[in-house]
Amino acid sequence: MAGAPGVDTPAASGARETLRTEFEFELPRGYVDESGTVHRRGAMRLATARDELVPLRDVRVRENPAYLSVVLLGRVITRLGTLGDVHDGTVESMFASDLAFLQDFYRQINAEGHTRAAVACPHCEQSFEVELAGSRLGES
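Throughout what follows, the structure given in this document is the object of discussion. (Residues numbered from 1 in each chain as written. Predicted model: local features only at pLDDT ≥ 70, side-chain atom pairs only at ≥ 80, totals over all residues. Heavy atoms only, no water.)

In terms of nonpolar packing, the biggest core is built from 23 residues, with Phe25, Met44, Leu73, Ile77 and Leu102 touching the most fellow members. Within the residue set of this core, elements represented by two or more residues are β1 (22-32), α4 (68-76), β3 (77-80) and α6 (96-112). Among the elements that take part in this core, α6 stands out by supplying six residues, more than any other. Setting aside chain neighbours within four positions, we find Ile77 in contact with Phe25, Ala43, Met44, Val86, Val91 and Leu102. (Core = buried A, V, L, I, M, F, W, Y, C linked by side-chain atoms within 4.5 Å. Buried < 20%, exposed > 50% of the residue type's maximum accessible area, 1.4 Å probe, protein only. Helix = DSSP H or I, 4+ residues; strand = E, 2+ residues; numbered from the N terminus. Contact = heavy atoms within 4.5 Å.)

Attention now moves to the sheet that holds β3. One open sheet accounts for three strands, arranged β1-β2-β3; its pairing is antiparallel. Since the sheet does not close on itself, it has two edges, and those belong to β1 and β3, each with one partner. For this sheet, the mean angle separating the axes of adjacent strands, direction not counted, is 25°. As judged from the seven bridges shared by β1 and strand β2 (residues 38-45), these two strands associate in the antiparallel manner. What sits directly across from Phe23, in β2, is Met44. (Pairing = 2+ DSSP bridges. Axes fitted to C-alpha atoms, helices over the stretch in contact; angles between N-to-C directions.)

Tracing the sequence through the fold places Thr90 in helix α5 (residues 88-92). In this structure Thr90 comes out as buried when scored by relative accessible area, which is 4%. Ignoring anything within four residues of it in the chain, the contact list for Thr90 reads Tyr31, Leu80, Leu83 and Asp85.

The subject of this paragraph is the pattern of salt bridges. One pass over the structure, following the stated rule, counts seven salt bridges. A salt bridge links Asp58 to Arg60; its shortest N-O distance comes to 2.7 Å. Judged by relative accessible area, Arg60 falls into the partly exposed class, the value being 33%. Note that Asp104 is salt-bridged to Arg107, the shortest N-O span being 2.6 Å. Note that Asp104 and Arg107 are positioned in helix α6 at a spacing of three residues, about one turn of the helix. When its relative accessible area of 46% is taken as the criterion, Arg107 is described as partly exposed. Overlapping salt bridges, with partners in common, bring together Arg45, Asp51 and Arg75 in one network. (Salt bridge = Lys/Arg side-chain N within 4 Å of Asp/Glu carboxyl O.)

Given below as C-alpha cells:
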C-alpha cells in the first residue's frame, strides 16, 4: 500500500524515520536532596499506555486522585541531576512550582508532541513561541 501523495515513507525516501522519545528540561527551582544538593537538569521520556494505566491501581491514587501526577511523573522522569534513581518519592518532595512545571512539560511532550508553547507578550501583545525544554524562566 502506497503512502499519501507528497508524504515520504521510509521505503520511498530510503531514509529511516526516528522518533525522539526523551526530552531534557531544567526545573525553575530544583529538587533538593537529603545532602542539600540542588538538582535542576533532567530528562523525561514519552509516556506509554502502561505508564498512564498502572498508577490507577495505586492505593494512593485511589484515595487521592490528585496523586496521579506524582506517580506518573515518577515513572517517566529518566534523569534528574546526579540522582541515581528518580521515583514518586522524589517527585512528592519537589517544590510546588517544579511540580507544576513538570506537569506542563509532560502535557507538552505527550499531548502536543513538542516542547514549544505559543505565548503573547503581556505588554505589546505580540505572539511568539518559546522553547520549554532545557530553558529556565526569564532566559531566551
